[in-house]
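# Descriptive structure summary
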Amino acid sequence: ERDPALRFLSGYFFIASLFFFGYFAVYSVFAEAGAYGWILVSLAPFGLVSLIQFAYRFPGTKFARESRIVLAVSLFFSVLVFGEYLFRFFSLPIKWHNFSFNPGYRSFYIPVLVVVLYLWTASVFFRQWRSTSKESGDDGSLPEGMLSPLSRDARIARTFALIVSGDFIFSVIITVWIVFKVFPVELIDFIQNTGFLVIYLLYVLV
């Protein structure tokens, strides 16, 4: 019954693996070739496209027509920003910066799109929690219904909603740093390393 949902979740983790391998290449290969790891990092929106579709299908397929529309729209914008990044990546020279080689262009659009997609994913999970709660006889009210949903599926949908909300906040912090550089590099490195470890551990556990 949940095979389609698990396929989309597997797709999210696959792209997340490419994302982290890209970071590994960027900061481990001290040559211009390491900068090409940013291309893998820039695949992040496609992972969120897959995560949104998982949200629409867990714990059951709801909002089917909406999910198809969102799939088309999110894919369109993901291809658009990824294509724009590739064009500028190969148009500008690679240079040494912050202890590693980096392309001359840092995308503004990719992190902003990632934040929007995380927010949408969280909203879908919250809707799944409310819908599943009502099906199990709970009215899905706040905060009681969120603290102790009656059904297992409602609890898991609620938990995913909270984890993705945390991922959304984490992505906002990273995006603010990319755009405005308001935090020291050491602080943002600590936030990234800790955030990635905690959030992805929670995904796997749930």
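To be clear, the structure that these remarks concern was listed above.
Residues numbered from 1 in each chain as written. Predicted model: local features only at pLDDT ≥ 70, side-chain atom pairs only at ≥ 80, totals over all residues. Heavy atoms only, no water.

### Quick notes on the overall build of the protein
How we decide: Secondary structure elements are taken from DSSP: a helix is a run of H or I of four residues or more, a strand is a run of E of two residues or more, and numbering for both begins at the N terminus. Note on method: radius of gyration uses C-alpha positions; expected globular size equals 2.2 Å times residues raised to 0.38.
Within the protein one finds 8 helices and 2 strands. In the protein, the order of α-helices and β-strands from amino to carboxyl end is α-α-α-α-β-β-α-α-α-α. Expected size for 206 residues packed as a compact globule is a radius of gyration near 17 Å; at 18 Å, the protein falls within 12% of this value. Its C-alpha atoms give the protein principal-axis dimensions of roughly 60 × 35 × 25 Å.

### As for the packing of helix α3 (residues 44-57) against helix α5 (residues 109-135)
The cut-off we apply is this: A fitted line through C-alpha atoms serves as each axis, taken over the contacting stretch for helices, and the angle formed by two N-to-C directions is quoted from 0 to 180°. The cut-offs work like this: below 35 degrees is roughly parallel, past 145 is roughly antiparallel, 65 to 115 is roughly perpendicular, and the gaps in between are oblique. By the convention used here, residues are in contact when the closest approach between their heavy atoms is within 4.5 Å. Gly is put with the polar residues, along with every residue not named as nonpolar or charged; the nonpolar set is Ala, Val, Leu, Ile, Met, Phe, Trp, Tyr, Cys and Pro, and the charged set is Asp, Glu, Lys and Arg.
Two numbers describe how α3 lies on α5: the axes approach to 9 Å, and their chain directions differ by 10°. Of the possible angle classes, the one that applies to α3 and α5 is roughly parallel. Contacts between α3 and α5 involve A44, P45, L48, L51, I52, F54, A55, Y56 and R57 from the first element and I110, L113, V114, L117, Y118, W120, T121, V124, F125, R127 and Q128 from the second. Looking at the contact of α3 with α5 residue by residue, the class counts come to 16 nonpolar, 2 polar and 2 charged.

### Points about the side chain of T132
In plain terms, the rule: Here's how the labels work: a residue is buried when its accessible area is under 20% of the maximum for its type, exposed when over 50%, partly exposed in between, all with a 1.4 Å probe on protein chains only.
Locating T132 in the fold gives a position in helix α5. On the basis of relative accessible area, T132 is assigned to the buried category, the value being 6%.

### Some details on the packing of aromatic side chains
Rules: In summary, the pairing rule links any two rings of Phe, Tyr or Trp, Trp by its six-membered ring, whose centres are within 6.5 Å, and it sorts them by plane angle into stacked for under 30 degrees, edge-to-face for over 60 and tilted for everything else.
All told, the structure shown has 33 aromatic pairs when counted by the stated rule. Here Y12 and Y200 contribute two aromatic rings whose centre-to-centre distance is 6.3 Å and whose plane-to-plane angle is 10°, an arrangement assigned as stacked. With Y12 in helix α1 (residues 3-28) and Y200 in helix α8 (residues 185-205), this pair connects stretches of sequence that are 188 residues apart. Classification of Y12 as buried rests on a relative accessible area of 2%.

### Notes on the nonpolar core
Rules: The nonpolar core is taken to be a set of buried Ala, Val, Leu, Ile, Met, Phe, Trp, Tyr and Cys residues, with the residues joined through side-chain atoms within 4.5 Å.
Judged by nonpolar contacts, the single largest core of 52 residues is most densely connected at Y12, L51, F54, Y118 and Y203. Counting only elements with at least two residues in this core, the list comes to α1, α2 (37-41), α3, α4 (64-91), α5, α7 (152-180) and α8. Broken down by element, the residue count for this core peaks at 9 residues, all from α7. Those residues in contact with L51, other than ones at most four positions away along the chain, are L9, Y12, Y118, T121, V164 and Y203.

### Description of the pairing of strand β2 (residues 100-103)
Basically, it comes down to this: Here the rule is simple: two strands pair whenever DSSP picks up at least two bridges between them.
Here β2 shows no split at all, with S100 and N102 on one side and F101 and P103 on the other all buried. Pairing of strand β1 (residues 94-97) with β2, which is carried by 4 bridges, proceeds in the antiparallel orientation. Note that in β2 the partner of I94 across the bridge is P103.

### A closer look at the pattern of salt bridges
Note the following rule: In what follows, salt bridge is the name for a side-chain nitrogen of Lys or Arg lying within 4 Å of a carboxyl oxygen of Asp or Glu.
Inspection of every chain in the model, using the stated rule, returns 3 salt bridges. Linking E84 and R88 is a salt bridge whose minimum nitrogen-to-oxygen distance equals 2.7 Å. With E84 and R88 both in helix α4, this residue pair falls 4 residues apart, about one helical turn. Overall, E84 belongs to the partly exposed group, its relative accessible area being 21%. We note a salt bridge from R152 to D153, for which the minimum N-O separation is 3.9 Å.

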